[in-house]
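Here is what each chain is made of, one letter per residue.
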Amino acid sequence: MNTDVLTIEQDAELFRKRRPWYLLAAALFVLSLLVQQPLVFLAALFTTIIAWIPELWYRLALRHLVVQQKVSQQHIFFGEDVTLAVSIENHKFLPLPWLQVENKITPPLVKSRHEGRSWQLQKTDQDTLLSTWLLWSFQRVTRRYRIRCTERGFHAFGPLRLHSSDPFGWLETDVRVPTSASIVVYPLLVPMHVFGFHSAHPLGESATDRPLLEDPLRIAGVRDYVMGDDPRRIHWKATARMGVLQSKIYEASSLQRFLVLLDTWNYAHDLNSVDREVQELTITVAASFATWALDEGYMVGLFSNSSLLYAPEEEESEHEAAEEANQLHTASTTRISPPGVHIPFASDHSQYERILTTLARLLPDHNTPLERLIDQQRDLFPLGTTVVLVSAASSVNDATLELLEDVRARGAAVHLVLTGEPDAVKKQTELYRLPVHYPGGREKWHELINAVGKDESGIQLD
């Protein structure tokens, strides 16, 4: 982004206040001509410099700058490092003895560190990366920040705000540069055994309480006829050859569906607020189940009552972006979708990225009641589907359980995976015939975070 396309606001009142300097310089020049004194002429020249140099930097310091930032990769697994490169090029003879760059990180990605070589974050309304630069004429400077990604989500860097001053430090000017970069940090993925599930069969020997659907177009063999077999199953050619009734054996259908039903709402009565740790653990459990099911060959779908965080549309030109930035200095770098997320069933490799990216972009605090979505989308639970409700124990209610009981009665296998304190829902779930699993609560989340070394999170200047 070139700052020449931006409108840099200048204070006209400031120029009026500095007029006495020019009047004083003019008076000294006239006096030096009258008295023929070199010292008076030098004083007039010095006054002119003092009056003119700060204004020169004030008017031109932030002109002819090319600002860019980019990340080494846009999709990062939880706990991995990413490099943010910020580049500023000065396309003019005027040097910049002091340039401060503020880089917003929305939403916050890391916390401040006060030791080692970690680059400090100044805590304002959002986490802000502050750095001071020195740029000579026609010089390009690139700084790279290595960031440990230990916060799930969609994170946007920028817009940048540039502050500059004259060599005396008297006049400061600033401009907002609408250049941005973004990353998606996937949820933490954990093996099933860490949550106390069996690695091969986390929901039991059979995920469904019914045999898998059979595909009548794929015949695996024949067997003797058994009383009660569907007449359409009889294999007449084999019967004629063997002299006794034979029935066809069909291959099991490959459409083994596994639906992750995620409720992101969470409220802890002991905290009188949302329990962020249990909330993130719930999303981690959902992501781990989804990836396990894909590894096992299931067709996996996702259904959640949360909203998603997106970047704004990037179809506008650079000039249009600059005009928008000038008109609205507080413009958001993100947008929020309506509550309700649905990813159709699929088993291809790209389904990993679709599910993990969606879970990364979830905004748990923006949601709608899960039972309302289940009631509206009953076609998402076809016969033979394994449905796993992943939710905080404190969020489960009778309306949701009744709907899931109805889903089970119509031929789906339903399991409840509840995070947090099990005592909050044990009596409630005992009234229904739904198997319940408890992977843990806050202590489990602390254990997982310590395992990936969250204490080492921060930003380092390479």
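Just so it is clear, the structure is predicted and the values come from calculations on it, not from any experiment.

Peer 1: Any chance you could explain the sheet that holds strand β17 (residues 341-346) here in plain terms?
Peer 2: Note on sheets: strands pair through backbone hydrogen bonds, and any given pair is parallel or antiparallel. Reading across the sheet, the 6 strands line up as β17-β14-β13-β19-β20-β21 and stay open at both edges, with mixed pairing between neighbours. Each edge of the open sheet is held by one strand with a lone partner, namely β17 and β21 (436-440). Each strand axis lies, on average, 20° off the axis of its neighbour in the sheet, ignoring direction. In terms of strand pairing, strand β19 (residues 386-392) meets strand β20 (residues 413-419) through 7 bridges, oriented parallel. Across the sheet, Val-390 pairs through a bridge with Val-417, a residue of β20.

Peer 1: Is there a simple way to think about the pattern of salt bridges in this case?
Peer 2: Summed over the entire model, instances satisfying the criterion amount to 10 salt bridges. The partner of Arg-148 in a salt bridge is Asp-81, with the nearest N and O atoms 2.5 Å apart. Taken together, the positions of Arg-148 in strand β7 (residues 140-148) and Asp-81 in strand β3 (residues 81-90) put the pair 67 residues apart, joining distant regions of the chain. Among the charged side chains, a salt-bridge network with shared partners connects Asp-81, Arg-146 and Arg-148.

Peer 1: For this particular structure, what's the right way to read the packing of helix α5 (residues 276-295) against helix α7 (residues 350-361)?
Peer 2: The geometry of a pair of packed helices is captured by two quantities: the angle between their axes and the separation between those axes. Two elements in contact, α5 and α7, have axes whose closest approach is 10 Å; the angle formed by their N-to-C orientations is 175°. By the angle class used here, α5 and α7 are roughly antiparallel. Contacts between α5 and α7 involve Ile-283, Ala-286, Ala-287, Ala-290, Thr-291, Leu-294 and Asp-295 from the first element and Gln-351, Tyr-352, Ile-355, Leu-356 and Leu-359 from the second. Here the contact of α5 with α7 is built from residues that sort into 9 nonpolar, 2 polar and 1 charged.

Peer 1: Got a minute to help me understand the packing of aromatic side chains in this structure?
Peer 2: Any aromatic ring pair is given by two values, namely how distant the centres are and how the planes are angled relative to each other. A complete count under the given rule lists 10 aromatic pairs for this structure. Residues Trp-292 and Tyr-298 carry aromatic rings whose centres are separated by 5.9 Å and whose planes lie at 35° to one another, so their mutual orientation is tilted. Of the two residues examined, Trp-292 and Tyr-298, each falls in the buried class. Within the aromatic cluster, the residues linked to one another by ring pairs are Phe-197, Phe-258, Phe-289, Trp-292 and Tyr-298. Taking NZ or CZ as reference, Arg-143 lies 4.7 Å from the ring centre of Trp-133, over its face. One cation-aromatic arrangement involves Arg-257 over Phe-345; the distance from NZ or CZ to the ring centre is 5.9 Å.

Peer 1: What exactly am I supposed to notice about the sheet that holds strand β15 (residues 306-310) here?
Peer 2: Here 3 strands make up an open sheet; going across it, the order is β16-β15-β18 and the pairing antiparallel. The sheet terminates laterally at β16 (335-336) and β18 (362-367), the two strands that pair on one side only. Sheet topology note: the β15/β16 ladder contains 2 bridges and is antiparallel. If you follow Tyr-310 over to β16, its bridge partner there is Arg-335.

Peer 1: Explanation requested: the side chain of Ser-307 in the structure shown.
Peer 2: Note that Ser-307 resides in strand β15. Classification of Ser-307 by relative accessible area gives buried; the value is 1%. There is a polar contact of 2.9 Å between the side chain of Ser-307 and the backbone oxygen of Ser-337. Those residues within four positions of Ser-307 in sequence are excluded, and the remaining contacts are Ile-336, Ser-337, Pro-338, Pro-339, Arg-361, Leu-362, Leu-363 and His-366.

Peer 1: Can you walk me through the packing of α5 against helix α11 (residues 442-452) in this structure?
Peer 2: At a closest axis distance of 9 Å, the pairing of α5 and α11 adopts a crossing angle of 70°. With respect to α11, the axis of α5 lies roughly perpendicular. In this structure, α5 crosses over α11, and the sense of that crossing is left-handed. Touching Glu-277, Val-278, Glu-280, Leu-281 and Thr-284 of α5 are Arg-442, Lys-444, Trp-445, His-446 and Leu-448, all from α11. A class-by-class count of the residues in the contact of α5 with α11 yields 4 nonpolar, 2 polar and 4 charged.

Rules and cut-offs
Counting from 1, residues in each chain are numbered in the order their sequence is written. It should be noted that, the model being predicted, local features are given only for residues of pLDDT at least 70 and side-chain atom pairs only at 80 or more, the latter also being counted only at that level, while totals for whole chains, interfaces and linings use all residues. Excluded from the side-chain calculations are hydrogens and water; all other atoms, namely the structure's heavy atoms, are used. A strand pair is defined by DSSP finding two or more bridges across the two strands. Here a strand is any run of E in DSSP of at least two residues, a helix any run of H or I of at least four, and the numbering for each starts at the N terminus. To obtain each axis, a line is fitted to C-alpha atoms, and for helices this fit is confined to the stretch in contact; angles are then taken between N-to-C directions over 0 to 180 degrees. What counts as a salt bridge is simple: a side-chain nitrogen of Lys or Arg found within 4 Å of a carboxyl oxygen of Asp or Glu. Should an angle lie under 35 degrees it is considered roughly parallel, over 145 roughly antiparallel, and from 65 to 115 roughly perpendicular; all remaining angles are considered oblique. Two residues form a contact once any of their heavy atoms are found within 4.5 Å. Residue polarity is assigned by list, with Asp, Glu, Lys and Arg as charged and Ala, Val, Leu, Ile, Met, Phe, Trp, Tyr, Cys and Pro as nonpolar; anything else, Gly included, falls into the polar class. Under the pairing criterion, centres of Phe, Tyr and Trp rings, with the six-membered ring standing for Trp, must be within 6.5 Å; the plane angle then separates stacked pairs below 30 degrees from edge-to-face pairs above 60, leaving the rest tilted. To sort residues, take the accessible area from a 1.4 Å probe on protein chains only and compare it with the maximum for the residue type: under 20% means buried, over 50% means exposed, and anything in between is partly exposed. Sitting over a ring, as applied to charges here, requires NZ of Lys or CZ of Arg to be within 6 Å of the ring centre and within 35 degrees of the ring normal. The definition of a polar contact used here is a pair of N or O atoms within 3.5 Å, where within protein one atom must be able to donate a hydrogen and the other to accept one, and adjacent residues in sequence count solely through side-chain atom pairs. Each helix crossing is assigned a hand: it is left-handed if the near helix lies turned anticlockwise from the far helix by less than a right angle, otherwise right-handed if that turn is clockwise.

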